[in-house]
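# Report on the structure
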Amino acid sequence: MSTFNGLPAHILLVHFIVVLAPLTALLAIAASIWSGVRSRLVWLIAALAVFTLVLTPLTTDAGEWLEKRVPKTAAVEQHTEIGDWMIYFSVGLVVVAAALVFLHLRERRGNAPVRWQSIAVVVLAVVIGATTIVQVYRIGESGARAAWDDVSATAGDE
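Residues numbered from 1 in each chain as written. Predicted model: local features only at pLDDT ≥ 70, side-chain atom pairs only at ≥ 80, totals over all residues. Heavy atoms only, no water.

Summarising the model, the protein shows a mean pLDDT of 92, and 94% of its residues fall at 70 or more. Across the protein, the secondary-structure element scoring lowest on mean pLDDT is strand S1 (residues 3-4), at 82, and the one scoring highest is helix H4 (residues 86-108), at 97. (pLDDT = per-residue confidence, 0-100. Helix = DSSP H or I, 4+ residues; strand = E, 2+ residues; numbered from the N terminus.)

On to a nonpolar patch on the surface. On the surface, Phe-4, Leu-7 and Leu-12 cluster together into a nonpolar patch covering about 270 Å² of accessible area. We classify Leu-7 as partly exposed; its relative accessible area is 44%. (Patch = residues over 30% accessible without salt bridge, like charges linked within 9 Å, V, L, I, M, F, W, Y side chains within 5 Å. Areas by Shrake-Rupley, 256 points an atom, 1.4 Å probe, with all protein chains shown as cover. Salt bridge = Lys/Arg side-chain N within 4 Å of Asp/Glu carboxyl O. Buried < 20%, exposed > 50% of the residue type's maximum accessible area, 1.4 Å probe, protein only.)

A few words now on the UniProt feature "transmembrane region" (unreviewed entry) in the protein. Taken from the UniProt record, the annotation "transmembrane region" (unreviewed entry) applies to residues 12-34, 41-59, 85-105 and 117-137. The annotated region residues 41-59 carries 100% helix and 0% strand content, and the separation between its end C-alpha atoms amounts to 26 Å. Taken end to end, residues 117-137 is 100% helix and 0% strand, and its two terminal C-alpha atoms sit 30 Å from one another. (UniProt positions renumbered as here; feature names shortened; annotations may be inferred.)

Before going further, it helps to examine H4. Think of an α-helix as turning once every 3.6 residues; residues three or four places apart then point the same way. Counted at 1.5 Å a residue, the expected span for H4 with its 23 residues is 33 Å, and the 33 Å between its end C-alpha atoms agrees. Along H4, the residues classified as buried are Met-86, Phe-89, Ser-90, Gly-92, Leu-93, Val-96, Ala-97, Ala-99, Leu-100, Val-101, Leu-103 and His-104. (Expected span 1.5 Å × (residues − 1).)

A few words now on a negative patch on the surface. A cluster of acidic residues, Asp-61, Glu-64, Glu-77, Glu-81 and Asp-84, forms a negative patch on the protein surface. Elements supplying a minimum of two residues to the negative patch: helix H2 (35-67) and helix H3 (74-83). (Lys, Arg positive; Asp, Glu negative; His and termini not counted. Charge placed at Lys NZ, Arg CZ, Asp CG, Glu CD.)

Of all the positions in H3, only Val-76, His-79, Thr-80, Ile-82 and Gly-83 are classed as buried. One side of H3 carries all its buried residues, which in axial view fall inside an arc of 170 degrees. (Arc of directions from axis to C-beta.)

Below, the discussion takes up the packing of H2 against H4. Packing of H2 against H4 brings their axes to within 8 Å, and their N-to-C directions diverge by 155 degrees. The angle between H2 and H4 falls in the class roughly antiparallel. Once H2 is placed against H4, the crossing between them reads as left-handed. Grouping the constituent residues of the contact of H2 with H4 by class yields 18 nonpolar, six polar and two charged. (Axes fitted to C-alpha atoms, helices over the stretch in contact; angles between N-to-C directions. Parallel < 35°, antiparallel > 145°, perpendicular 65-115°, else oblique. Left-handed = near helix turned anticlockwise from the far one by under 90°. Nonpolar A, V, L, I, M, F, W, Y, C, P; charged D, E, K, R; others polar.)

To describe a pair of aromatic rings, you give the distance between the ring centres and the angle between the ring planes. Within this structure, the stated rule accounts for one aromatic pair. Between the aromatic rings of Trp-85 and Tyr-88, the centroid separation amounts to 5.3 Å while the plane-to-plane angle is 50 degrees, which identifies the pairing as tilted. With respect to class, Trp-85 is no different from Tyr-88; both count as exposed. (Phe/Tyr/Trp six-rings, centres within 6.5 Å; stacked < 30°, edge-to-face > 60°.)

On to the layout of surface pockets. Of the pockets and cavities examined, the largest pocket occupies roughly 860 Å³. Residue lining of the largest pocket: 34 residues in total, with His-10, Leu-66, His-79, Gly-143 and Ala-146 positioned closest to the centre. Within the residue set of the lining of the largest pocket, elements represented by two or more residues are helix H1 (9-33), H2, H3 and helix H5 (115-156). When residues of the lining of the largest pocket are assigned to their parent elements, the largest contribution, 11 residues, is made by H5. (1 Å grid on protein atoms, 1.4 Å probe; cavity = no way out; pocket = protein on both sides within 12 Å on 5 of 7 lines; lining within 4 Å. Points joined across faces, edges and corners; volume = space filled by probe spheres on them.)

The structure is reproduced here in structure tokens:
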């Protein structure tokens, strides 16, 4: 997908990632800590994680299409390099979601998770969730710089 309604698809798709990845990360962290949140939201978290995983390569592919059509700058190159790493964070969210589903199913069957399993899921969720949020910020910030640095520099000249 290269354009949608005349606009580069990357510009539209990236907004889904910017919202869904941090939202999924925050929900996963909450669900790893509180079983009540987990029992209510585990399937939503799993669906959001999978949806984010599907959207990530679509977004990066659309970004690569756009990259070929904009002037090559260091900022665009940096944004592309950082953005290519997002797939690993999206996979990480799916792994966390799978671990949450595992804990949820154990609890539903009346088997309390082994303490080390619960602790491992909390650590995994916090580490992957926090790094995902930071990575989304870094990608977005570098994309904003790539798109707007020369515009803001020109605006300051007026």
